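Spelled out, the chains give:
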Amino acid sequence: MNAMDLERAKVHDADACLVLANKYCPDPDAEDAANIMRVISMKNYCEESRIIIQLMQYHNKAYLLNIPSWDWKQGDDVICLAELKLGFIAQSCLAPGFSTMMANLFAMRSFITSPDMAAWQNDYLQGTGCEMYTETLSPSFSGMTFSQASELCFVKLKLLLLAIEVKPIDGGDTKISINPQSSKMPANTVGFFIAQSAEEVKRAWFYCKACHEDVKDENLIKKCKCKHLANKTGATPATPFSAALSKPLLNIKNSVMAKEENGSKPVMNGRPTNKPADQQKNGKMEVGIADDQAKDFDFAKTEMKYDSTGMFHWTPARSIEDCILDRNQAAMTVLNGHVVVCLFADPDSPLIGLRNLVMPLRASNFHYHELKHVVIVGAVDYLRREWKTLQNLPKISVLNGSPLSRADLRAVNVNLCDMCVILSAKVPSNDDPTLADKEAILASLNIKAMTFGDIITNIESMGDSKDALNNMGDTTVKRPGPIYGTNVPMITELVNDSNVQFLDQDDDDDPDTELYLTQPFACGTAFAVSVLDSLMSTTYFNQNALTLIRSLITGGATPELEIILAEGAGLRGGYSTPDTLSHRDRCRVGQISLSDGPLATFGEGRKYQDLFVASLRNYGMLCIGLYRLRDAALTTVDATSKRYVITNPPFDFGLLPTDQVYVLLPFERKQSRFSFSETEV
């Protein structure tokens with residue numbers, strides 16, 4: 001805040017200034033306000049300074065836009081801990097373990113395997129060594145589709161190509177397309193890779209069809225003397241990250257749009273509200289149904305509604321009273337394949353921004369019937385304060401209860417959920433850091449100790465409902481749930497890394513083990529905000545990496561949407577136009593089982609490369625990792641059903657029928673014969 005101190009620190013000569021937040025502060029808003037003032041002070045001293053700031057709360061991002069010299073294109077960036085933390089957890093609801101995979105990708109670390117370790121630990125550690133890199137693709141890739149280029153990179157160069165940078169025809173800002181379909185790649189395209197080292201990624205720049213087509217060993221693909229490489233203008237061989245640093249920051253507005261229509265026209269960014277009224281459907285303004293009519297209305301027969309950017313499903317605002325269930329109503333609701341959010345909060349706890357958890361689950365690249373119902377179990381007094389940001393998102397229910405109450409957990413069918421998320425909004429006391437996570441740990445252990453099966457145990461809490469038995473029985477029609485709570489899919493957010501040792505009673509982790517090496521983290525059942533610290537250095541080296549991660553994690557948040565949300569009026573509904581509907585056409589994270597379905601044959605001893613190529617060619621799906629049973633055989637008495645994450649396995653990695661595959665799924669306009677929409681357990 002002092003110009004003399006900034007002079008002494010030579011801020012005007014610095015490559016970048018990083019502002020870190022105190023994640024354990026009692027008042028997150030005050031912490032954000034102080035850090036934003038520090039940014040204002042530094043920009044006032046030297047407006048060209050590149051600043052990367054950590055913010056606690058999503059709604060405070062808007063204040064940075066008010067700083068005149070704040071410029072995304074010059075490299076200024078903000079890492080919002082609430083947005084990314086809850087976004088990571090949201091993606092884990094769709095693909096369990098995905099939070100661990102992404103966190104390991106931007107943590108810059110090497111790995112050392114050891115014969116003394118268990119086989120699953122060596123597989124996991126090999127994945128933790130993977131990082132995200134950018135590199136310009138050689139001219140040999142020009143004219144290829146993304147699928148062809150990705151297959152060539154994986155099979156020939158042993159690299160995983162995730163996304164490419166695309167320059168619109170109209171000369172607008174570049175965008176990142178993740179697993180785009182059909183469009184051909186121009187020369188000098190920048191690719192985004194997952195690989196073990198910067199050296200490996202250079203193969204994509206050195207690859208020459210004339211010289212390397214018959215080369216079998218990827219390590220022999222080095223710079224050749226062909227003229228088209230030597231005389232290439234516009235880009236020198238880029239080391240990872242420097243390619244990104246030499247380019248203006250990508251406009252996130254376009255970064256998540258997966259492809260353009262037939263590759264011929266640039267996607268317009270005009271707002272649907274700019275259209276004259278006579279262009280609206282039938283020349284009339286469409287009106288949302290009133291809340292009091294909604295209860296008796298058949299939503300399946302209505303046209304789906306999206307927000308004004310076309311990126312998220314939207315519904316007319318509902319009051320929280322319309323969404324509150326008591327225990328009886330919850331038990332009589334057939335809840336299956338839903339997301340249970342166990343929330344600990346005092347009435348005056350700081351807001352954690354639940355919108356950041358629910359919005360990725362409401363992305364418009366899902367069909368309406370694919371959206372998972374979100375049931376929040378917690379104190380309504382706190383949720384009333386959060387509700388303004390949730391009231392326009394569909395399929396949300398609230399049970400006014402306690403996440404520690406087994407009766408409440410049974411009422412919301414926690415054993416039939418696709419994911420149980422355990423969060424706490426309470427401010428940790430400074431007395432003993434170990435106690436910061438006491439509620440989350442107790443809730444996690446409570447669920448694991450529960451048993452499910454005979455529904456008679458539920459009758460005590462059912463009151464006088466005559467149909468209780470019938471309704472409870474209906475919940476098993478879709479899918480039988482686990483009998484023991486240890487098999488309920490769960491992710492617990494921790495404030496203090498060291499508390500991970502209390503989550504799993506059967507693990508053998510040393511209390512001093514780093515978080516990423518612990519079993520709950522490797523299995524994707526624990527997440528701590530501390531893992532986001534390494535994202536600061538990743539962003540410093542590679543601005544585009546944050547854009548790519550944000551695209552994958554938030555489900556499609558754009559600068560336009562952030563400006564709308566900064567107004568404080570919540571999500572706005574929009575009319576469906578070809579422009580906004582085109583925004584649905586982007587890929588999303590999914591998880592496919594190898595035990596059945598069209599990919600089942602690959603689980604029978606085939607190699608990972610076979611699966612990668614077949615998925616890409618036949619379904620346009622990009623495989624990025626595996627979720628494997630820790631005890632694959634499950635034959636011993638102490639075998640566990642826990643799974644662990646393997647990021648980007650080697651090409652010759654053997655597959656098992658019990659494996660699940662992390663994939664980037666293209667948008668399906670219509671449900672195909674083989675639907676890959678649901679997470680298969």
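In this text, all values refer to a predicted model and were calculated from it rather than measured experimentally.

**Student:** Mind laying out the sheet that holds strand 20 (residues 660–665), listing which residues take part and the relevant values?
**Tutor:** In spatial order, the strands read 17-20-18-19; together these four strands make up an open sheet with antiparallel pairing. The two strands at the open ends of the sheet, each matched to only one other strand, are strand 17 (588–593) and strand 19 (643–647). Looking at each pair of strands side by side, their axes are set apart by 30° on average, direction ignored. Strand direction decides the pairing type here: strand 18 (residues 622–629) and strand 19, joined by five bridges, are antiparallel. Residue pairing across strands places Leu 629 opposite Arg 643, the latter belonging to strand 19.

**Student:** Before we move on, could you go through the packing of aromatic side chains and cite the residues and values that matter?
**Tutor:** Summed over all chains, the structure comprises 10 aromatic pairs. Through a chain of ring-to-ring contacts, the aromatic side chains of Phe 88, Phe 106 and Phe 527 assemble into a single cluster. Sitting above the plane of the Phe 651 ring, Lys 158 keeps its charged end 4.4 Å from the centroid. Sitting above the plane of the Tyr 368 ring, Lys 395 keeps its charged end 4.6 Å from the centroid.

**Student:** Let's hear about the sheet that holds strand 9 (residues 324–325): which residues, and what values?
**Tutor:** Sheet architecture is open: seven strands sit in the order 9-12-11-10-13-14-15, paired in parallel fashion. Of all strands in the sheet, those with a lone pairing partner are strand 9 and strand 15 (526–528), marking the two edges. Where strand 11 (residues 374–378) meets strand 12 (residues 396–400), five bridges bridge the pair, whose relative direction is parallel. Bridge pairing in strand 12 places Val 374 opposite Ile 396. Taken strand by strand, helix 20 (residues 438–449) contacts strand 10 (339–344), strand 13 (419–424) and strand 14 (490–494), and its axis lies near 165° from that of strand 14.

**Student:** Before we move on, could you go through the state of the cysteines and cite the residues and values that matter?
**Tutor:** What makes a disulfide is a covalent bond joining the sulfur atoms belonging to two cysteines. Enumeration over the complete set of coordinates arrives at zero disulfides. Cys 420 supplies the cysteine sulfur nearest to Cys 417, a cysteine that is in no disulfide, at a spacing of 5.4 Å. Judged by relative accessible area, Cys 417 falls into the buried class, the value being 2%.

**Student:** Hey, could you go over a nonpolar patch on the surface for me, with residue numbers and the actual values?
**Tutor:** A contiguous nonpolar patch, built from Met 1, Met 37 and Ile 40 and spanning about 300 Å² of accessible area, is present on the exposed surface. Inspection of the secondary structure assignment puts Met 37 in helix 2 (residues 28–45). In this structure Met 37 comes out as partly exposed when scored by relative accessible area, which is 42%.

**Student:** Quick rundown of helix 5 (residues 98–106)? Include the residues and the values.
**Tutor:** Residues three or four positions apart in an α-helix share a direction because the helix packs 3.6 residues into each turn. Burial analysis of helix 5 places nine of its nine residues in the buried class, which makes it a mostly covered element. All of the buried residues in helix 5 are Phe 98, Ser 99, Thr 100, Met 101, Met 102, Ala 103, Asn 104, Leu 105 and Phe 106.

**Student:** Talk me through the nonpolar core; I want residue IDs and the actual numbers.
**Tutor:** Ranked by size, the top nonpolar core spans 146 residues in total, and within it Phe 88, Phe 141 and Leu 423 carry the most contacts. Examining the composition of this core, we find that nine residues originate from one element, helix 4 (residues 81–94), more than from any other. Not counting chain neighbours up to four residues away, the residues in contact with Phe 141 comprise Ala 149, Leu 152, Cys 153, Leu 157, Met 185, Ala 204 and Tyr 207. Counting residues in each nonpolar core, the second largest holds 24 residues, with Cys 417, Cys 420, Met 450 and Phe 452 among its members.

**Student:** An account of the packing of helix 5 against helix 24 (residues 543–554) is requested, with residue identities and associated values reported.
**Tutor:** The contact between helix 5 and helix 24 brings their axes to 12 Å, and the two run at 175°. In terms of orientation, helix 5 lies roughly antiparallel with respect to helix 24. On helix 24, the residues that touch Phe 98, Met 102 and Phe 106 of helix 5 are Ile 549, Leu 552 and Ile 553. Of the residues assigned to the contact of helix 5 with helix 24, the class counts are six nonpolar, no polar and no charged.

**Student:** How would you sum up unusual backbone geometry? Please name residues and give values.
**Tutor:** Positive phi outside glycine occurs at Lys 10, with the angle close to 55°. Positionally, Lys 10 belongs in the loop between helix 1 (3–8) and strand 1 (17–19). Under the relative-accessibility criterion, Lys 10 is labelled partly exposed at 47%. The residue Lys 158 is not glycine, and still its phi comes out positive at about 60°. By the secondary structure assignment, Lys 158 is in the loop between helix 7 (146–155) and strand 5 (160–166).

**Student:** Outline the environment of Phe 651, supporting the account with residue identities and numerical values.
**Tutor:** Of note, Phe 651 is situated in the loop between strand 19 and strand 20. For the pair Phe 651 and Tyr 608, spaced 43 residues apart in the sequence, the C-alpha separation amounts to 5.5 Å. When neighbours within four sequence positions are excluded, Phe 651 is seen to be in contact with Phe 154, Lys 158, Lys 607, Tyr 608 and Gln 609.

**Student:** Let's hear about the side chain of Ser 92: which residues, and what values?
**Tutor:** Within the secondary structure, Ser 92 sits in helix 4. The class for Ser 92 is buried, based on a relative accessible area of 0%. Those residues within four positions of Ser 92 in sequence are excluded, and the remaining contacts are Gly 97, Phe 98, Ser 99, Met 419 and Ile 491.

**Student:** Account for helix 27 (residues 608–619), naming residues and giving values.
**Tutor:** The terminal C-alpha atoms of helix 27, which comprises 12 residues, lie 16 Å apart, in line with the 16 Å expected from a rise of 1.5 Å per residue. Three or more residues of helix 27 are buried, namely Tyr 608, Gln 609, Leu 611, Phe 612, Val 613, Ala 614, Ser 615 and Leu 616. Buried residues along helix 27 sit in contact with helix 7, strand 5, strand 18 and strand 20. Directly after helix 27, the chain includes Gly 620, whose backbone phi takes a positive value near 70°.

**Student:** Which residues make up the pairing of strand 10, and what values go with them?
**Tutor:** With six of its six residues buried, strand 10 lies for the most part within the structure. Burial of the side chains of strand 10 extends over both faces: Val 339, Val 341 and Leu 343 are buried on one face and Val 340, Cys 342 and Phe 344 on the other. Pairing between strand 10 and strand 13: six bridges, direction parallel. In the strand pairing of strand 13, Val 340 is matched with Cys 420.

Definitions and cut-offs
- Sequence order sets the numbering: in each chain, residues are counted from 1 along the sequence as written.
- With the structure being a predicted model, the display of local features is reserved for residues of pLDDT at least 70 and the display and counting of side-chain atom pairs for 80 or more, all residues being used for whole-chain, interface and lining totals.
- With hydrogens and water stripped out, all remaining heavy atoms of the structure feed into the side-chain values.
- Any two strands with at least two DSSP bridges between them are considered paired.
- What counts as a helix is a DSSP run of H or I of at least four residues, what counts as a strand is a run of E of at least two, and both are numbered from the N terminus.
- Here an angle of 0 to 180 degrees is reported between the N-to-C directions of two axes, which are lines fitted to C-alpha atoms, with helices fitted over the stretch in contact.
- When two rings of Phe, Tyr or Trp (its six-membered ring) have centres within 6.5 Å they constitute a pair, described as stacked for plane angles under 30 degrees, edge-to-face for angles over 60, and tilted for the intermediate range.
- Counted as over-ring charges are cases with an Arg CZ or a Lys NZ within 6 Å of the ring centre that also lie within 35 degrees of the ring normal.
- Residue contacts are defined here by distance: any two heavy atoms, one from each residue, within 4.5 Å place the two residues in contact.
- When two cysteine sulfur atoms are found within 2.5 Å, that pair is recorded as a disulfide.
- Each residue's exposure class comes from its accessible area (1.4 Å probe, protein chains only) as a fraction of the maximum for that residue type: buried when under 20%, exposed when over 50%, partly exposed otherwise.
- Nonpolar side chains (Val, Leu, Ile, Met, Phe, Trp, Tyr) are joined into patches within 5 Å and like charges within 9 Å, using only residues with over 30% relative accessible area and no salt bridge.
- Here the accessible surface of atoms and residues is derived via Shrake-Rupley with a 1.4 Å probe, and residues count as covered only by protein chains that are part of the display.
- Salt bridges are counted wherever a side-chain nitrogen of Lys or Arg sits within 4 Å of a carboxyl oxygen of Asp or Glu.
- Here the nonpolar core consists of buried residues drawn from Ala, Val, Leu, Ile, Met, Phe, Trp, Tyr and Cys, with membership extended through side-chain atoms lying within 4.5 Å.
- Here is the rule for angles: anything less than 35 degrees is roughly parallel, anything more than 145 is roughly antiparallel, 65 through 115 is roughly perpendicular, and the remaining ranges are oblique.
- All amino acids are sorted into three groups, where Ala, Val, Leu, Ile, Met, Phe, Trp, Tyr, Cys and Pro are nonpolar, Asp, Glu, Lys and Arg are charged, and the leftover types, Gly among them, are polar.
- Multiplying one less than the number of residues by 1.5 Å gives the expected span of a helix.

Just distances and angles here, no functional claims.
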